[in-house]
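Spelled out, the chains give:
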Amino acid sequence: MTVSKLSAITKTILQSQTPEEEVSAIKLLSDFFLTFRSNRIPQPSDQTEIVLNGGIALSFDHAADCLQDYYRTARFIKGVYLSIQELLLRFPGEKINILYAGCGPFATILLPVLPLFKTDQLQVTLIDIHPESVKFVKELFTTLHLLPFVDSISVQNAISYRYPSANLHLVISETMFHALLTEPQVAITRNLAPQLANGGIFIPEEVTVEAVISSFSNEPFLSNTSTPLLPVTPERTLIAQLFSLNKSSAQSSSFSNQEYRSAWYQIPVFQKSSPDICLFTHVKIFKTLELGLSESLITNPYCLVSILNLPSNARISFIYNFAELPSWSYQLAD
Ligand SMILES: C[S@@+](CC[C@H](N)C(=O)[O-])C[C@H]1O[C@@H](n2cnc3c(N)ncnc32)[C@H](O)[C@@H]1O
């Protein structure tokens, strides 16, 4: 009964087309998970983040709340479902090995699609750095009779984790914040993408960060995640695409020494209508499934600096460092 209810919710999510449909479908999933969560005794560590070299792992509570980033959750679930279908075609007759790195308490973007497959089609490995999330997700899989899909569920650091075989077909990891700040998406992608088999898929397929001149206060910014944003287009000028993180680029030398440095760009003349240098994030989850600017907390705009605070006629280079806490800075030159 419970699993058939979950399958029905997942089908509603997969069929949702408009933002409103996506929100209401994910609300059903949220209610479904909350019935399990409400039986759990809260733990003192539930709001504790873990600081790693490479980024912060969100607390149990915060990771659970990501579910309510509605378009994000809906589109990742759709993307994971389609990527599994694609892999079943790419690797006929093989069991698809899936690693979910940073599964959180609900394995939110993978668990809902599992009842739509057969246990001899998929084998999943779930890891998270938070013991309480791992404990809870294990209980969830047990209660929902989904353990036959599972190879292992364990506490691991995805920044250094080694998958035990060479036959890894799909890696799923959503461990990011806007502009790839704070959380360890880059460090995790750099560790796990090279472990994929040839033809394997990393979800999200690509995360792009652009530097744009705009008015930050006029940019759409998602805070209430259930309200679709009205399309507003402040005056914007692209400075450059800074980098694009995907399974190939993650291994490239542009990220060496846990740092990325852009080329040099002329700082534009200050204008009241577009006074800021902002960083925009775009997430290509899988094929045409995407999260555009401000459609999710992970694609909200980030204001790096106001041009008013920069010397005129200077040049600027953008620096992303993820040795410890991922952050953006810049360097100036004459
Ligand atoms: C943004 S939450 C996403 C939760 C869930 N996967 C979802 O999509 O709703 C990120 C999760 O990744 C975990 N995480 C972050 N860094 C990690 C690391 N280095 N190793 C293992 N888990 C990590 C956090 O503990 C948290 O549960």
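Preceding block: the structure.
Residues numbered from 1 in each chain as written. Predicted model: local features only at pLDDT ≥ 70, side-chain atom pairs only at ≥ 80, totals over all residues. Heavy atoms only, no water.

Another aspect to go through is the site of the ligand. Neighbouring residues of the ligand: 24 residues in total, closest Arg72, Tyr100, Gly102, Asp128 and Ala158. Measuring from a nitrogen atom of the ligand, one finds a backbone N or O atom of Gln156 at 3.5 Å. Contact between the ligand and Ala158: a nitrogen atom at 2.8 Å from a main-chain N or O atom of the residue. A total of 590 Å² of accessible area belongs to the ligand in isolation, and the protein chains cover 100% of it. (Near = heavy atom within 4 Å. Polar contact = N/O pair within 3.5 Å; in protein donor to acceptor, adjacent residues only side chain to side chain. Areas by Shrake-Rupley, 256 points an atom, 1.4 Å probe, with all protein chains shown as cover.)

Before going further, it helps to spend a moment on the side chain of His130. In this structure, His130 sits in the loop between β4 (122–128) and α5 (131–143). A residue is classified by how much of its surface remains accessible, and His130, at 7% relative accessible area, is buried. Once you skip the residues sitting within four places of it in the chain, His130 turns out to touch Thr48, Glu49, Ile50, Ala57, Leu58 and Ser59. (Helix = DSSP H or I, 4+ residues; strand = E, 2+ residues; numbered from the N terminus. Buried < 20%, exposed > 50% of the residue type's maximum accessible area, 1.4 Å probe, protein only. Contact = heavy atoms within 4.5 Å.)

What follows is about the pairing of strand β8 (residues 206–214). Burial of β8 is extensive: seven of the nine residues sit out of reach of the surface. Direction of pairing for β8 relative to strand β9 (residues 237–246): antiparallel, over a ladder of eight bridges. Bridge pairing links Val212 to Leu238 in β9. With nine bridges connecting them, β8 and strand β11 (residues 276–286) associate as antiparallel partners. What sits directly across from Glu210, in β11, is Phe280. (Pairing = 2+ DSSP bridges.)

These figures capture arrangement, not role.
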